[in-house]
Structure formats: structure tokens, C-alpha cells
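Understanding the architecture of this molecule
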Amino acid sequence: MADNQEIFTNFAGFQCLEHLHNNSTGIYLSTCGMQNCPSGYSYGPGTRDIYIIHFICEGKGTYQVNGMTYHLHKGDFFVIYPDTEIFYQADNNEPWDYIWVGFQGIKAETYLGYAGVDRNNLIGHCYNTSYMLSCVQQMTFARVLTHYNELRRQAALLQVFAALIEQHHEQLSEEEQVEYPHHIYIDRTLDYVQTHVSENIRIQDIANYIGIDRSYLTSIFKKSLGISPQEYLVNYRMEYASELLKESDVKIAAIAHEVGYHDPLTFSKVFKKHMKLSPTQWRLAHTDSQD
């Protein structure tokens, strides 16, 4: 920490101006920074509109979220989810120094899950905070908005997640380590379905995208979720269609196309089999329930 004291004292963080919603990773850097906190320094109660991970480099403090209070020390980290009320405060006698990384994107929650973090598990311990510090420094050194710096910031953010995910994997039991790739394959399947729902999806296409055999994908899917990938695909399409029918007045043919059916008649047959009502009946029933 001593070598970085000036950085912690003077650095106030930065906010990237380009929000890369469409980058290939589905996750992008929004803000990062370093802070040497004075005694009792606090934030909140309040909310953030992005995901933020704080890594504690020195000292200690408390983090309050979801009715819980966590007492954290050097090496610990805590995660803030968007629109979740939080409060955190540096200790009066040994105030913490921390670095933070803020990010967004459709894969943000997925990557956190790979690292063992979810809305019920918001704290952890990082065994190499110096490495995280070096990643944040790479981000700050690349603060000027250029195409090459954009890639440098992105690379540094992915390095942070790679380190957290690798550490989490090493902490799993042998049985959990065997099961771990299954979760990744399933998550990638769910992401693929949700992203390509309007397309003519074949399970073989998903297996090719993930890079595993179709029969193996079906096997682990049934083992984990109790249904086949094809059943999940149909279920997702019908649930998505039901929401569109309920929340909009878009024509049924357009909704059929939106959920991957280019023949409205086929869509209507599948929908009625799944939901026990035709698309028109479903819309009328749920419109009446809202009036």
C-alpha cells in the first residue's frame, strides 16, 4: 500500500463515456477508482445504478445490505447490485483503503455467479488484492477515450473476473469442480436462447455454439433442470409470448415472429397446448383481469 499511497489519496475515479452495450462480452466497464478513506467515511443509505465490487486493500469497515451487517477487513470484497439499498462505512480507528470496479452489461450477473456471487452472497475474500490493484491501474492508465484504450480497459475488467472466477473454482470441492462446467454450459444455453429467441433455433446450433456434443448437452440439461433443452426453448418462447400478449396490442402474427415462429398458425397451436388458451383468449383474459 505504501507505494500506492499517492494514488489512493489523489485519485477520484473516472466514468467511461462510451457505454458499450453491444460489445461481444456482454459486460463493460463503467467506473473504477481507488480511495484512502478518512476515519468514519461512509456512503448511504443509498443505491447505485450499476454493479460495483469494492476490494479492501488495508484497514477495515462495515457493509450493510438486505438487513445484514458485515464486518470486513483487508483482502475482503463486497458487491453492490443495482437499485439495492446499501450503506458502508470505514472504521474509525483503522479506516479502509479500497479499490472499486463498476460495470454493466447483460452478462454482468452471470459472471458474478461464476465467481460465487449472487444477491444472497455479496461478500467474499480475494487472496491477491495486489493483482486487482494492478488491473484497476491498467484501467486508469487507459482513461483517455480511444479505441485501443477501450480494449485495454475491457481486458483489465475481464482479468478481474477471470481471477475471481478461478479463485472460486479452486475453492470448490472435487465433486463441485466436476459439476462446475455443467453450470457454465447451461448458463450459455440459457443466454443463447434468450438472445436468439426470434430465430429458428436448433438444439444442434446451441451445442455447436457452446462446443459440446448435442447428446451431452441434453443429458446435463435434464440432470440440472429436469427438462430437455428443446422443452426449455418452447417454455421460454411461450412465457415470453404470453408477456407480449398481456402487455401490448401487437398483432399475434408479429408476436409469433418475435418468438421464433414464422407461421402464426403453428405458433397458435403450440401456445394453446402450452397455456391451455389460444393467444387471443389469453390476451382477452388478461386484459380483463387488469381493467
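What you see as residue numbers is a count from 1 along each chain, following the sequence as written. Selection of residues for local features in this predicted model requires a pLDDT of at least 70, selection of side-chain atom pairs for listing and counting requires 80 or more, and totals for whole chains, interfaces and linings are taken over all residues. Water and hydrogen atoms were dropped before computing side-chain values, which therefore reflect all heavy atoms in the structure.

**A look at the overall build of the protein chain**
The criterion, for reference: Runs of H or I in DSSP of at least four residues are treated as helices and runs of E of at least two as strands, each being numbered from the N terminus. The criterion used for residue contact is that any of the two residues' heavy atoms lie within 4.5 Å. Accessible surface area values rest on a Shrake-Rupley calculation with a 1.4 Å probe, where residue burial reflects the displayed protein chains alone.
Across its full length, the protein chain holds eleven helices and ten strands. A fraction of 70% describes how many contacts in the protein chain between residues 6 or more apart in sequence connect residues 24 or more apart. For the protein chain, the exposed area adds up to about 15,500 Å²; of that, 49% sits on carbon and sulfur atoms.

**Remarks on the packing of helix H8 (residues 229-247) against helix H10 (residues 264-275)**
Using the following cut-off: Inter-axis angles, ranging from 0 to 180 degrees, are taken between N-to-C directions of lines fitted to C-alpha atoms, where helices are fitted over the stretch in contact. Here roughly perpendicular refers to angles of 65 to 115 degrees, roughly parallel to angles under 35, roughly antiparallel to angles over 145, and oblique to all remaining angles. We call Asp, Glu, Lys and Arg charged. Ala, Val, Leu, Ile, Met, Phe, Trp, Tyr, Cys and Pro are nonpolar, and the rest, Gly among them, are polar.
Packing of H8 against H10 leaves a shortest axis separation of 10 Å and a crossing angle of 95°. Overall, the two elements H8 and H10 adopt an arrangement that is roughly perpendicular. Contacts between H8 and H10 involve Val-234, Asn-235, Met-238, Glu-239, Ala-241, Ser-242 and Leu-245 on the former and, on the latter, Phe-267, Val-270, Phe-271, His-274 and Met-275. Its residues placed into classes, the contact of H8 with H10 shows eight nonpolar, three polar and one charged.

**A short note on the confidence of the model for the protein chain**
Test applied: Across the chain, each position has a pLDDT score giving the predictor's confidence in that residue, from 0 to 100.
Put simply, the protein chain has an average pLDDT of 85, and 87% of its residues get 70 or more. Contacts from residues 1-24, a stretch scored under 50 in pLDDT, to residues over four places away or in other chains number 53 contacts.

**What to know about the nonpolar core**
Note the threshold: By nonpolar core we mean a set of buried residues, namely Ala, Val, Leu, Ile, Met, Phe, Trp, Tyr and Cys, connected to one another through side-chain atoms within 4.5 Å. Burial classification: accessible surface area is computed with a 1.4 Å probe over protein chains only, and a residue below 20% of its type maximum counts as buried, one above 50% as exposed, and the rest as partly exposed.
Membership of the largest hydrophobic core comes to 49 residues, with the highest contact counts inside it found for Ile-53, Phe-55, Tyr-63, Trp-96, Phe-103, Leu-112 and Phe-161. If we skip the residues at most four places from it in the chain, Phe-55 touches Asp-76, Phe-77, Asp-97, Tyr-98, Ile-99, Cys-126, Met-132, Val-160 and Leu-164. Core analysis: the second largest hydrophobic core is formed by 15 residues, Tyr-192, Ile-212, Tyr-232 and Leu-233 among them.

**A few points about the sheet that holds strand S5 (residues 60-65)**
Basically, it comes down to this: Paired strands are those between which DSSP finds at least two bridges.
If you trace the four strands from one edge of the open sheet to the other, you get S3-S8-S5-S6, paired in antiparallel fashion. Because the sheet does not close on itself, it has two edges, and the strands there are strand S3 (42-46) and strand S6 (68-73). With strand direction ignored, the average angle separating the axes of adjacent strands in the sheet is 15°. Relative to strand S8 (residues 86-90), S5 runs antiparallel, the two being bridged by five bridges. Residue Gly-61 lies in a different strand from S8, and its bridge partner there is Ala-90.

**Some points on the environment of Tyr-41**
The residue Tyr-41 is located in the loop between strand S2 (28-36) and S3 in this model. For the pair Tyr-41 and Asn-92, spaced 51 residues apart in sequence, the C-alpha separation works out to 8.2 Å. When neighbours within four sequence positions are excluded, Tyr-41 is seen to be in contact with Gln-35, Tyr-88, Gln-89, Ala-90 and Tyr-98.

**Quick look at the pairing of S2**
A large share of S2 lies buried, amounting to eight of its nine residues. Relative to strand S9 (residues 97-104), S2 is paired through eight bridges, and the arrangement is antiparallel. Each bridged residue has a counterpart across the sheet, and for Cys-32 the counterpart in S9 is Val-101.

**Quick notes on the pattern of salt bridges**
Pairs can form between side chains of opposite charge whenever their charged atoms are close. Our working definition: Just to be clear on terms, a salt bridge is a Lys or Arg side-chain nitrogen sitting within 4 Å of an Asp or Glu carboxyl oxygen.
Under the defined criterion, the tally for this structure stands at six salt bridges. With its nearest N and O atoms 3.5 Å apart, the salt bridge here joins Arg-119 to Glu-109. Taken together, the positions of Arg-119 in the loop between helix H2 (108-114) and strand S10 (123-125) and Glu-109 in helix H2 put the pair ten residues apart, joining distant regions of the chain.

**Some thoughts on the packing of aromatic side chains**
Stated precisely, the cut-off is as follows: Here the aromatic set is Phe, Tyr and Trp, taking the six-membered ring for Trp, and pairing holds for ring centres within 6.5 Å; pairs whose planes are under 30 degrees apart are stacked, those over 60 apart are edge-to-face, and all others are tilted. Whether a charge sits over a ring comes down to the Lys NZ or Arg CZ being within 6 Å of the ring centre and within 35 degrees of the ring normal.
Enumeration according to the criterion identifies 22 aromatic pairs in this entry. Each ring, one from Phe-78 and one from Trp-96, has its centre 5.6 Å from the other, and the planes form 20°; the classification is stacked. Taken together, the residues Phe-78 in strand S7 (residues 76-80) and Trp-96 in the loop between S8 and S9 connect sequence positions 18 residues apart. Residues Phe-78 and Trp-96 agree in their burial class; the two are buried. Through a chain of ring-to-ring contacts, three or more aromatic side chains come together here, namely Tyr-43, Tyr-63, Tyr-70, Phe-78, Tyr-88, Trp-96, Tyr-98 and Trp-100. Cation over ring: Arg-48 sits above Tyr-43, and NZ or CZ is 3.7 Å from the ring centre. The ring of Tyr-209 has Arg-188 lying over it, and the distance from NZ or CZ to the ring centre is 5.0 Å.

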